[in-house]
Every structure is written in structure tokens, then in C-alpha cells.
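Spelled out from the first residue to the last, the chains are:
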Amino acid sequence: RGGGGPVVGYNAAHGALLCAREVVLAARGAGGGAEADGASAVANVAAEGLLRCSYLATGTPVAAVATEWLRCVEAVLSLADDADVSSSDVSSDVAASSSLAALLETARRSCDVAAGARRFVALSGGGRRAEAAARMGTSVSPGDATWCKVAARVAVTLATTTRWRERDGDESNESHDATSAALACLARTAPYEARAGAMKALRDLGGVDAVTAAGLDVPRMRTFLIDELLPVETRHSCARRALGLVAAWTEAASESQDNPTSAESCSGSGPSNGVSTSKSVASLEARRATYARASAKLARSLATFATMPGAIARAHVRARGGEISPEREEDDAAARGVLLKILSDEVVREAAEGGDDESIADVEDAEDADVDESEDDEWRLVESIARRGAHERVRCAALACLGRLAAVRVARWEAAAKATGGIPPPAVASLTGLIAAGASPERPADVRRAAASALAASTLLSRLPPAKVSDETVGENNAPTLGEPILRAWLAAFTMMEDEDEDVRDVASRAATRADVGVPSDAQTEATLRVAFANVADRLARWPPFERFLFKTSSGPPVRASALRDAIAGVGVVRRLFDREADNHHAEALLLSQLAARALRRGGVARSSAAADAREAALRSAEEAAAALLLSTSAHASAATSSSATSDASSWAGGVTNHEAAFAPVCRACLALWALATDAPAPDAAIRDRARKLDDAFATRGVLGPMARAMWVA
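A quick note: this is a predicted structure, and the numbers were derived from the prediction, not measured.

Definitions and cut-offs
- Residues numbered from 1 in each chain as written.
- Predicted model: local features only at pLDDT ≥ 70, side-chain atom pairs only at ≥ 80, totals over all residues.
- Heavy atoms only, no water.
- Helix = DSSP H or I, 4+ residues; strand = E, 2+ residues; numbered from the N terminus.
- Buried < 20%, exposed > 50% of the residue type's maximum accessible area, 1.4 Å probe, protein only.
- Contact = heavy atoms within 4.5 Å.
- Areas by Shrake-Rupley, 256 points an atom, 1.4 Å probe, with all protein chains shown as cover.
- Expected span 1.5 Å × (residues − 1).
- Salt bridge = Lys/Arg side-chain N within 4 Å of Asp/Glu carboxyl O.
- 1 Å grid on protein atoms, 1.4 Å probe; cavity = no way out; pocket = protein on both sides within 12 Å on 5 of 7 lines; lining within 4 Å.
- Points joined across faces, edges and corners; volume = space filled by probe spheres on them.
- Nonpolar A, V, L, I, M, F, W, Y, C, P; charged D, E, K, R; others polar.
- Axes fitted to C-alpha atoms, helices over the stretch in contact; angles between N-to-C directions.
- Parallel < 35°, antiparallel > 145°, perpendicular 65-115°, else oblique.
- Left-handed = near helix turned anticlockwise from the far one by under 90°.
- Polar contact = N/O pair within 3.5 Å; in protein donor to acceptor, adjacent residues only side chain to side chain.
- Core = buried A, V, L, I, M, F, W, Y, C linked by side-chain atoms within 4.5 Å.
- Phe/Tyr/Trp six-rings, centres within 6.5 Å; stacked < 30°, edge-to-face > 60°.
- Lys NZ or Arg CZ within 6 Å of the ring centre and 35° of its normal.

Colleague: An account of the overall build of the protein chain is needed here, citing residue identities and associated values.
Modeller: Across its full length, the protein chain holds 32 helices and 0 strands. Per-residue burial for the protein chain yields a buried fraction of 42% across its 714 residues. The contacts in the protein chain between residues at least 6 apart in sequence include a share of 76% that link residues at least 24 apart. Here the protein chain displays about 36,000 Å² of accessible surface, and carbon together with sulfur accounts for 53% of that area.

Colleague: Explain helix α12 (residues 218-229) to me, using residue names and the numbers behind them.
Modeller: Counted at 1.5 Å a residue, the expected span for α12 with its 12 residues is 16 Å, and the 15 Å between its end C-alpha atoms agrees. Those residues of α12 not exposed but buried are Val218, Met221, Arg222, Phe224, Leu225, Ile226 and Leu229.

Colleague: Any chance you could break down the pattern of salt bridges for me, citing the residues and the numbers?
Modeller: Inspection of every chain in the model, using the stated rule, returns 21 salt bridges. A salt bridge links Glu105 to Arg108; its shortest N-O distance comes to 3.8 Å. Taken together, the positions of Glu105 and Arg108, both in helix α5 (residues 98-110) and 3 residues apart, correspond to about one turn of that helix. Residue class for Arg108 comes out partly exposed when judged on its relative accessible area of 22%. For Arg387, the salt bridge goes to Glu383, with nearest N and O atoms at 3.1 Å. Placement of both Arg387 and Glu383 in helix α18 (residues 356-388) is noted, with a separation of 4 residues, approximately one turn of the helix.

Colleague: Talk me through the layout of surface pockets; I want residue IDs and the actual numbers.
Modeller: By volume, the largest pocket amounts to about 1,200 Å³. Thr553, Pro557, Ala589, Ser593 and Arg668 are the residues nearest the centre of the largest pocket, which is lined by 43 residues in total. Only α23 (484-496), α26 (544-555), α28 (591-602), α29 (608-641) and α30 (660-676) provide two or more residues apiece to the lining of the largest pocket. Broken down by element, the residue count for the lining of the largest pocket peaks at 7 residues, all from α26. For the lining of the largest pocket, a count of residues per class yields 20 nonpolar, 12 polar and 11 charged.

Colleague: Any chance you could break down the packing of α23 against helix α24 (residues 502-514) for me, citing the residues and the numbers?
Modeller: The geometry of a pair of packed helices is captured by two quantities: the angle between their axes and the separation between those axes. Across the interface, α23 lies against α24 with an axial gap of 8 Å and an inter-helix angle of 135°. In terms of orientation, α23 and α24 fall into the oblique class. Along this stretch, α23 crosses α24, giving a crossing that reads as left-handed. Residue-level inspection shows Trp490, Ala493 and Met496 of α23 in contact with α24, the latter providing Val504, Arg505, Ala508 and Ala512. Partitioned by chemical class, the residues of the contact of α23 with α24 number 6 nonpolar, no polar and 1 charged.

Colleague: Lay out the side chain of Thr250 in plain terms, naming residues and giving numbers.
Modeller: By secondary structure assignment, the location of Thr250 is in helix α13 (residues 236-258). A residue is classified by how much of its surface remains accessible, and Thr250, at 3% relative accessible area, is buried. Side chain to side chain, Thr250 and Arg222 meet in a polar contact 3.3 Å long. Leave out the neighbours within four places in its chain, and Thr250 touches Arg222, Arg404, Leu405 and Val408.

Colleague: Give me the lowdown on the nonpolar core, citing residues and values where you can.
Modeller: Membership of the largest hydrophobic core comes to 177 residues, with the highest contact counts inside it found for Trp69, Leu225, Trp490 and Met496. Here Trp69 is in contact with Leu17, Leu50, Cys53, Ser54, Ala57, Leu103, Thr106, Ala107 and Ser110, once residues within four sequence places are set aside. Among the nonpolar cores identified, the runner-up in size contains 8 residues, and Met308, Val317, Leu339 and Leu343 belong to it.

Colleague: Could you give me a rundown of the environment of Pro558, with the residues and numbers involved?
Modeller: As for its position among the elements, Pro558 is in the loop between α26 and α27 (561-569). Residue classification places Pro558 among the exposed residues on the basis of a relative accessible area of 59%. Separated by 66 residues in sequence, Pro558 and Glu624 have C-alpha atoms that sit 9.0 Å apart.

Colleague: Provide a residue-level description of the packing of α27 against α30, including the pertinent values.
Modeller: Put simply, α27 and α30 touch, their axes get as near as 8 Å, and they point 150° apart. Classified by the angle between their axes, α27 and α30 sit roughly antiparallel to one another. Where α27 approaches α30, its residues Leu564, Ala567 and Ile568 are matched on the opposing element by Ala661, Ala662 and Pro665. In terms of residue class, the contact of α27 with α30 is built from 6 nonpolar, no polar and no charged.

Colleague: Can you tell me about the packing of aromatic side chains, naming the residues and giving the values?
Modeller: Considering all chains together, one arrives at 5 aromatic pairs under this definition. Ring geometry for Trp490 and Phe494: centres 5.6 Å apart, planes at 40°, overall tilted. Linking Trp490 with Phe494, this pair stays in helix α23, spanning 4 residues, or about one helical turn. Of the residues examined, Trp490 reaches a relative accessible area of 0% and is grouped as buried. The exposure class assigned to Phe494 is buried, which follows from its relative accessible area of 2%. Centre to centre, the rings of Phe533 and Phe549 are 6.1 Å apart; their planes meet at 45°, and the pair counts as tilted. Highlighted residues: Phe533 in helix α25 (residues 525-539) and Phe549 in helix α26, separated in sequence by 16 residues. Residue class for Phe549 comes out buried when judged on its relative accessible area of 12%. Here a set of aromatic residues connected by ring pairs shows up, and it is made of Trp490, Phe494, Phe533, Phe546 and Phe549. Sitting above the plane of the Tyr192 ring, Arg235 keeps its charged end 3.9 Å from the centroid.

In C-alpha cells form, the structure reads like this:
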């Protein structure tokens with residue numbers, strides 16, 4: 001070192017650090033014995049060397065050099081880990097090395113991302129460009145963004161690795177220290193590259209158990225992300241990773257709320273002193289909470305007095321049996337003062353007279369209300385990002401996060417729905433609406449994958465009612481507790497099980513398998529779809545919303561002869577070069593219609609009155625389809641005998657009903673008639689006459705192609 005920097009120059013110093021890191025990495029993987037001792041010696045020597053050039057990390061204006069110094073520290077710590085694990089000689093433990101301990105302390109100081117960022121801004125170099133960058137709070141130092149990522153990663157590693165964690169002799173402070181160190185890298189004032197790097201390192205730690213074992217206070221970390229970071233985060237990489245961490249840590253936060261004593265049991269405190277002590281502590285806490293609520297109530301009252309009109313204050317005083325002296329009857333301030341005295345007496349009396357049991361119940365209710373309110377705020381935040389986020393990948397991450405948030409709320413949602421007479425909370429419909437919109441085949445693949453992940457994580461598919469015997473009285477009782485959102489969730493699952501993206505199909509299929517609808521664990525996706533559809537039909541039998549779905553899916557939109565005739569006329573038009581292709585080439589267009597028709601054909605899933613109306617609508621659609629086909633056939637015959645005959649729709653190979661424009665509506669109309677004929681009463685003369693005309697059109701007069709005709713005959 002000379003003149004504030006390396007004598008050989010920063011370029012040479014950077015190259016030397018690169019070589020040093022390669023040497024340390026080459027020493028890794030020692031097997032044991034002498035080789036482990038050699039690795040231990042390399043770690044100690046490297047630590048001493050890095051200490052001698054620590055100014056390259058703590059005072060250099062060159063971010064690339066500081067970055068490489070930190071990478072060398074990472075390599076040394078990895079080598080020290082390998083040496084300690086593989087060596088059988090306790091005396092070779094490098095964790096106790098003074099050089100390594102000093103290196104760890106220096107590394108912690110050099111990983112201060114806020115201070116480092118300010119240093120690179122201040123030392124950006126000479127010239128107008130550097131001065132302008134410094135005024136804007138940015139740097140022109142090469143590699144400073146990389147330094148921020150590496151520094152945040154090393155800081156999280158040092159904070160969450162037990163053997164390298166800073167200790168002050170108080171074991172109870174370790175979680176606080178580790179969490180504080182991690183949160184320092186996530187602060188809004190830190191460069192966004194540091195926040196992204198820290199969240200990536202936290203994600204790579206693993207699941208909730210691994211993060212907790214690393215000494216982090218997961219609920220505190222999660223609260224920070226929800227309350228302080230996500231509402232103001234503008235960088236999509238940081239927002240995505242923050243949402244991913246919130247989703248991954250949701251289960252732990254829920255457990256901490258459900259088990260408020262778990263923290264005490266893990267804090268190393270002594271055992272309980274018995275039931276009487278627990279009751280006395282609960283009574284004391286309840287009394288404190290009562291006074292706290294009384295104080296808050298009084299504070300709220302005080303806040304309104306400054307602007308309360310005198311007439312309103314006097315009315316409150318009279319309603320409470322108070323009196324205002326006649327000489328000050330028109331004095332607004334006096335009226336407010338009398339009212340304040342009355343209210344304060346009420347608050348004190350309420351606090352003094354509150355019994356222990358009632359106070360404890362009040363405290364529990366208040367705590368539940370506080371939890372519900374905070375969860376509502378949390379849900380609204382993530383939902384707003386999912387709906388209105390500026391970046392599509394952030395919206396996808398928010399949607400997937402909503403699924404995890406829903407999983408810990410479903411039980412409370414069901415309780416709320418039962419309490420309100422079957423009206424589910426708005427959050428359920430909002431979530432299923434987002435999932436249904438994301439499952440649409442025209443959406444990008446990332447959005448559909450996020451929708452599938454949200455659906456699988458939410459556990460909504462498992463909230464079906466139990467199967468019941470089929471009779472006319474069970475329809476309304478067969479409704480899921482959460483109502484139509486559960487049906488919408490299943491419809492989204494059916495759609496995604498036919499998605500053209502294999503990952504989407506697999507996630508939706510696994511979600512349906514876990515929903516306990518009789519699907520074997522090793523079933524293929526299409527088999528899962530068929531079995532799940534039949535089981536859902538049994539569980540939702542005779543429920544009006546599901547009946548409407550079956551009728552609509554099996555018959556399709558009502559057929560109109562004029563519209564179908566126009567579609568047939570367009571079949572012969574040459575396909576244009578830039579016609580839009582299908583959004584989903586994998587889906588079978590009629591599969592859901594066939595499954596719905598088969599469910600109806602089995603019987604017992606629809607009420608007789610509803611089936612009668614649907615049967616009449618299907619009969620009308622079939623008659624309209626037959627009329628359109630007869631007109632098309634007659635027009636083609638007339639054109640064929642004229643000298644100006646040209647190829648038209650009927651020249652389609654196999655007949656016009658071999659084209660999807662005609663085959664799909666005709667097929668659905670026939671499917672609906674086939675499905676609804678099972679429970680039909682004995683037909684009267686008018687119905688028999690209509691059926692005879694349909695058979696004459698479809699089977700006798702040859703308006704159907706081979707495939708459609710075989711379907712009708714069957």
C-alpha cells in the first residue's frame with residue numbers, strides 16, 4: 001500500500017485477488033488428515049493476507065477490487081468449513097483462528113451496503129460526469145452494482161451461518177442480531193442491487209425451517225417486507241423476490257399467530273409455575289389490555305373535541321343525564337368540557353369494573369380483530385400488486401403469493417361465510433377471479449403458470465362438500481361453504497389441465513389429485529381430468545350454479561339458423577395468410593362438453609324441473625341446426641345445376657359438418673339431447689313429431705357428414 005492505494009495499482013491488485021481466489025478454491029475438497037490440515041493452513045494464510053490488504057474493501061474507490069476482496073472472503077470461509085468438517089484434529093479448527101476472527105469482523109464492516117454505496121458515489125472520480133452522478137446519488141465507478149450484490153450476499157451469509165455469526169455472549173440476542181443484519185441489506189435506503197442480492201441469498205437458504213435455524217426472526221422479516229418494503233418498492237426484481245419470500249414465509253407467520261407462546265418456549269425461559277401462575281399472568285395482561293383500550297378510547301374522544309360543534313356536545317351531555325350550568329349553557333367550550341368529564345368517568349368505570357374472565361375474552365377478541373385487520377391490509381396490498389402492478393412478472397409473483405396467503409385464511413373464510421348465511425368474503429371471489437383470468441389460454445405462459453401455482457397453493461379445490469345421496473331436497477345443501485368461488489376454482493383447474501404448456505397441466509393436475517376427489521396419485525393429466533370431473537359432479541349434484549354449468553357446457557351457446565348458415569357459407573373461403581391461430585392447440589374443444597353430457601346422462605346431478613327447461617332449449621338448438629343444414633344443402637344443390645356453379649361450403653371434404661364451424665354446434669346440440677333424454681318423461685305427440693323431423697333431417701336426408709351422422713345414430 002502506498003499513497004492511499006496499492007503500490008502496484010488497482011488493476012494489478014484486482015488481478016492478484018483473482019489469482020488468490022483461484023488458489024483458495026483449488027485447496028477445497030480436502031479428504032482428511034494431512035490434506036485437511038493443509039487446507040486449514042491455506043485458510044489461515046489467506047485470512048492473514050486478506051487482512052493486510054483489507055483497505056481494498058473498506059477504503060477503495062474501485063468497486064471491482066472491493067468486490068473481488070469479498071469473493072476471496074467467501075472462498076476462505078468455504079475452505080474453513082471444509083477443513084473443519086473433514087479434519088479429525090480438534091486443534092486444527094480454524095474457526096477459533098484469530099486471523100479468521102479478525103477477517104470476519106473486517107468483512108462485516110466492509111459489507112455495509114449503504115456506506116459502501118455512498119463511498120462509491122463520493123469517490124466516483126473527477127470530471128463533470130462524476131460530479132453530476134454524485135449529485136444524483138449514483139456512481140460511475142465500474143462494477144459498483146456487482147459490489148452491492150456480492151456485499152449483500154456476504155452480509156446475509158455471515159449473519160445466517162451459525163459458526164460465523166457475531167456473538168456477544170448472550171444467546172437470546174443472536175436471532176435479533178442476525179435479523180437486524182439481514183434487514184440492513186433490505187433497507188429502502190440501500191441500493192436496489194443490494195436488496196435484490198440479499199433477498200436472493202435469503203431465498204437460497206431454503207424453507208422456513210432452514211431460515212429459522214439460521215437464526216432469523218421470520219415473522220419480523222415478513223412484517224418488514226409487507227409493511228415497509230413492498231408498498232414503496234419500484235424495482236421489479238426486488239418486488240418479485242420480496243413477494244416470493246412473503247409467500248414462502250406465510251406458513252411460519254400463521255403458526256406464530258396460532259401459537260403465541262411458541263416464542264416463549266423457545267427462548268430458553270424456565271418452565272411454567274402452574275395453572276395459578278398462568279391465570280394470574282393472563283388476568284394481569286387482560287387488565288393491562290383493558291386499560292390500554294380505555295386509554296385509546298379516551299384519546300380518540302379527545303381528538304374529536306376540538307372540532308365538535310357545541311350543539312352536538314350538549315345533545316350528548318343530555319343523552320347521558322349530565323347537566324350544564326345555566327349561565328354557561330351557550331358556551332360551546334363548557335359543553336365540550338362537561339362531555340369530556342362524563343366520558344372519562346365512563347372509561348375509568350369500565351376499566352375498574354371489568355371482570356377477569358370477561359377482560360380476557362375481550363382481549364382475545366381484540367387480538368383476533370387486530371390480526372384480521374392486519375391480514376386484510378396484507379391481502380389488499382398483495383392483491384393490488386397482482387391487479388395493478390406495472391410489471392407482468394411482479395403481477396405473476398403477487399398472484400402466486402395470494403395463493404399461499406389464501407391457504408392460511410380458508411378456514412376463517414369458511415367460518416365467516418357460515419356466520420353471514422353463506423355469503424363468502426370478497427377476497428375469495430377476488431382470488432378465484434384472478435386465477436380464472438390468468439388461466440385463460442390467450443394469456444402468456446408465465447401468467448398461466450402463476451395462476452396454476454396460486455390455485456394449487458390456495459387449497460380451494462379441497463373445499464367441496466361431501467358426496468350426498470341424490471334426492472330433490474339436497475340441492476341447496478350441496479353448495480360449498482364458500483359458494484360459487486369454489487366452482488370457479490374447479491373450472492379454472494379443468495381449463496388448465498388442458499393447457500398447451502406441460503408445466504401448467506402438471507401443476508393443475510397435482511392440485512386436483514391432492515383435493516381428495518378419487519384421483520390415483522400416478523394418474524396422467526387427462527385421466528385426472530376425467531375422474532375429477534365425475535367426482536365434482538357427484539359432490540355438487542343438484543346445486544343450481546353447477547346445474548347451469550353442466551347445461552351450458554354440454555349444449556354450448558344457443559344455435560341460431562341464420563348465424564350457423566353464415567358460418568357454413570364462410571367455410572369455403574380460402575384461409576388468409578395472417579389469420580390468427582388458436583390460442584391453445586392442445587385442448588380438445590369438445591372434451592368438457594362430453595364430460596358434462598356424460599355426467600348428466602348418469603342422472604341424479606340435476607333437478608327434474610331444471611332438466612326439463614334445458615331439454616327444451618337443446619331441442620330448439622337441434623332444430624335450428626337442422627334448418628341451417630337443410631338450407632345449405634338445398635343451396636348447394638341449386639348451385640350445382642347452374643352454369644355458374646362455384647365451390648362453396650358444401651365442397652368441404654366429407655361435408656360441411658366435418659368443419660369445426662358446423663360440427664361443434666351440431667355436436668353440442670346432439671350431446672345435450674342425448675344427455676338429457678335419460679330423465680325425460682314419456683314424450684307427448686308434439687315432442688315425438690319434433691324428434692321425427694330431426695331424425696329425418698339428420699339421418700335420412702343426409703345433411704350430416706359421416707362422423708356427425710354416426711354420432712347422431714348412436
